[in-house]
Each structure stands twice: as structure tokens, then as C-alpha cells.
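Survey of secondary and tertiary structure
Residue-level listing of the chains:
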Amino acid sequence: MLIETLTADRALAVVRAPRIDDPVALCQALVAGGIRTVEFTFTTPDVEAVIAAAAADPHGALVGAGTVTDARTAEAAIAAGARFLVTPGLSEGAAAVAREAGVPIMLGALSPSEVMRALELGSAAVKVFPASAVGPGYLKDLRGPFPGVPFVPSGGLHAGNAGEWMAAGALAVTAGSSVVGVADIEAAAWDAVTEKARAFTAAAAE
């Protein structure tokens, strides 16, 4: 489900905020803008409650957990209802929990060696992070030895460069603060979130 949805939408929303009062409305706003996969990160206070609320909406997004750094956070995310996990780097503990639970995980990697290890650990897709440090040309180079690997760059992506990353061979691109900004979340500016999501997905499709 994760890979199929990312392939169709070309985008994944990453939500980091000090407070998320209405995760259901936030997810609905993103879905309306064409982003059906939403990652709530463990840098958000009480993220388990946020994930549980969003995941309970039968008409909402495919909800997952990000900034999963170890087995403990992986277990907490799955218990809350996360349907996929994302890590900033390689975590054998998190990967083991995901495998046991049958939940897809996207492990973070940057170097070729890290990509190889992520694949060995069963990563459904490989998160290229921090993408802003290397640029789309680096992803194109990675695709040489790893032509069939689904890569999802994360960090510093926006509507202005999403298309470049897709052209370099990304499966999908991550929409962070440029689409889901803290100010819009605090103001419950859901129409603004929808419009930004729509612009981002349009740019990724070009």
C-alpha cells in the first residue's frame, strides 16, 4: 500500500510541529491536495496520540511515523496505529520491529554502503537524507548501481525543486514545512495546506 500510494501521488507529507490539535483535519486537507501519505514525526510532542487520531479516520490518509530511531519508538508508533515507519538513518532495531509486525519501513541512507545495508534490513524504499546536502545529481548517480531501488529524497524539498528530484529518478518526494508549515497548522488554515499540497504535487508531476 505504501509503495503503491507513493508511486501514484509522487509525494509524502512530513509533519513536524510543536502542537497538532486536529490531525484529522490536517490529513484531510493534504488528501484534498493530492498527498495521501502523511508522516508524523517523533519530534512532535504526544505524537502517538496524533497518529492514533489520524489513523482512526477511515477516509483519511495513509498515516505513518517518522524520526523513528530505535526499536522502542518503532513499537510505540505501531501500537498507535502507524501503517509505515520512517527513520533518519539506519536502525536495525526499528527494522526488526517492522519486519516482525509486517509494517513497511523506509530507512534513511545517504552513501552507497548505507543504501546496501538498508536493503539488507528490508527497507521498502530508501529515504535519501539529507537530500539538500547532495542535490538531484547525487540521486541520479545512486540510480546507476541501484536502478531498481525506490528512492525518496527528504530534506529541503519544495515546489521549486520537486520536479528535478523526480527527473533524477525519485519514486516520490517529501513535502515538509513548505507545504505543512507550523503557522498554518496553528491557525488551522486547511485551505492553505490544500493549495500548497496541490502545487507541490503538480510540480512533482511535471
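For the structure, check the block above.
For clarity, every value in this text was computed on a predicted model and none was experimentally measured.

Bringing the overall build of the protein chain into the picture now. Per the secondary structure count, the protein chain includes 10 helices and 8 strands. The globule rule puts the C-alpha radius of gyration for 206 residues at 17 Å, and the 16 Å found for the protein chain is close to it. Along the three orthogonal principal directions, the C-alpha set of the protein chain runs to about 45 × 40 × 25 Å. Counting over 206 residues, the protein chain shows a buried share of 51%. Counting only contacts in the protein chain whose residues sit at least 6 apart along the sequence, the fraction spanning at least 24 positions is 58%. Carbon together with sulfur atoms contributes 54% to the accessible area of the protein chain, which is approximately 8,500 Å² in total. Looking at the protein chain, you have 13 positive and 21 negative side-chain charges, and the mean spots of the two groups are 4 Å apart.

By the definition in use, this model includes 0 aromatic pairs. Sitting over the ring of Phe 129, Lys 127 keeps its end group 4.8 Å from the ring centre.

Turning our attention to unusual backbone geometry. Residue Phe 129 is joined to Pro 130 through a cis peptide bond whose omega torsion reads -5°. Tracing the sequence through the fold places Pro 130 in the loop between strand 6 (125-128) and helix 7 (136-142). Residue Asp 46 is not a glycine yet carries a positive backbone phi of 55°. Relative to the assigned elements, Asp 46 resides in the loop between strand 2 (37-41) and helix 3 (47-55). Assessed through its relative accessible area of 62%, Asp 46 is described here as exposed. Backbone geometry places Thr 67, a non-glycine residue, at a positive phi of 55°. By the secondary structure assignment, Thr 67 is in the loop between strand 3 (62-66) and helix 4 (71-80).

So, on to the pattern of salt bridges. Think of it this way: side chains of opposite charge can pair up when their charged atoms draw near. Applying the stated criterion across every chain yields a total of 6 salt bridges. In this structure, the salt-bridge partner of Arg 117 is Glu 92, at a minimum N-O distance of 2.8 Å. Linking Arg 117 in helix 6 (residues 112-120) with Glu 92 in helix 5 (residues 92-101), this pair joins segments that are 25 residues apart in sequence. Overall, Arg 117 belongs to the partly exposed group, its relative accessible area being 28%. Put simply, Glu 92, Arg 117 and Glu 120 are held in one network by salt bridges that share partners.

Turning next to the pairing of strand 2. For strand 2, the buried fraction is high: 5 of the 5 residues fall into the buried class. Judged by which residues are buried, strand 2 turns out to be covered on both faces: Thr 37, Glu 39 and Thr 41 on one side and Val 38 and Phe 40 on the other are all buried. Sheet analysis places strand 2 next to strand 3, joined by 5 bridges and oriented parallel. Residue pairing across strands places Val 38 opposite Val 63, the latter belonging to strand 3. For the segment spanning strand 2, helix 3 and strand 3, crossover handedness is right-handed.

So, about the environment of Val 31. Within the secondary structure layout, Val 31 lies in helix 2 (residues 23-32). Other than its neighbours up to four places away in sequence, Val 31 contacts Arg 36, Gly 60 and Ala 61.

It is worth spelling out the packing of helix 2 against helix 3 at this point. Where helix 2 meets helix 3, the closest approach of the two axes is 8 Å, and the angle between their N-to-C directions is 60°. Between helix 2 and helix 3, the angle is such that the two are oblique. The crossing of helix 2 and helix 3 is right-handed. For the pair helix 2 and helix 3, contact is made by Pro 23, Val 24 and Cys 27 and by Val 50, Ala 53 and Ala 54, respectively. Here the contact of helix 2 with helix 3 is built from residues that sort into 6 nonpolar, no polar and no charged.

On the secondary structure map, Ser 123 appears in the loop between helix 6 and strand 6. The buried category is assigned to Ser 123, whose relative accessible area is 9%. Apart from the residues lying within four places of it in its own chain, the contact partners of Ser 123 are Ile 105, Met 106, Leu 107 and Ala 118.

Conventions used here
Counting starts from 1 at the beginning of each chain's written sequence and moves along it residue by residue. Per-residue local features are limited, in this predicted model, to residues with pLDDT of at least 70; the limit for side-chain atom pairs, both in listing and counting, is 80 or more; totals at the level of whole chains, interfaces and linings are taken over all residues. Calculated side-chain values reflect all of the structure's heavy atoms, with hydrogen atoms and water omitted. Only runs of H or I of at least four residues qualify as helices and only runs of E of at least two qualify as strands under DSSP, and these elements are numbered from the N terminus. Within these notes, the globule rule equals 2.2 Å times the number of residues to the 0.38 power, and the radius of gyration is based on C-alpha atoms. Any residue under 20% of the maximum accessible area for its type is buried, any over 50% is exposed, and the rest in between are partly exposed; the area is computed with a 1.4 Å probe on protein chains only. Contacts are assigned to residue pairs with any non-hydrogen atoms lying within 4.5 Å of each other. Shrake-Rupley sampling with a 1.4 Å probe provides the accessible areas, and residues are treated as covered by the protein chains on show and by no other component. A positive count includes Lys and Arg, and a negative count includes Asp and Glu. His and the chain ends are not counted in either. Here the site of a charge means atom NZ of a Lys, CZ of an Arg, CG of an Asp or CD of a Glu. Stacked, tilted and edge-to-face are the three classes applied to pairs of Phe, Tyr and Trp rings, where Trp contributes its six-membered ring and a pair requires centres within 6.5 Å; stacked means planes under 30 degrees apart, edge-to-face means over 60, and tilted covers the rest. Lysine NZ or arginine CZ positioned within 6 Å of the ring centre and within 35 degrees of the ring normal marks a charge as sitting over the ring. By convention in these notes, a salt bridge is any Lys or Arg side-chain nitrogen within 4 Å of a carboxyl oxygen on Asp or Glu. One requirement defines pairing of two strands: DSSP has to find at least two bridges between them. Looking down the strands as they point away from you, a crossover is right-handed if its path from the first strand over the helix to the second goes clockwise. The axes are straight lines fitted to the C-alpha atoms, using for helices just the contacting stretch, and the angles between their N-to-C directions are given from 0 to 180°. By the definition adopted for this analysis, an angle is roughly parallel if under 35 degrees, roughly antiparallel if over 145, roughly perpendicular if from 65 to 115, and oblique otherwise. The crossing is said to be left-handed when, going from far helix to near helix, the turn is anticlockwise and less than a right angle, and right-handed when the turn is clockwise. Under the grouping applied here, Gly and all other residues not named as nonpolar or charged are polar, the nonpolar ones being Ala, Val, Leu, Ile, Met, Phe, Trp, Tyr, Cys and Pro and the charged ones Asp, Glu, Lys and Arg.

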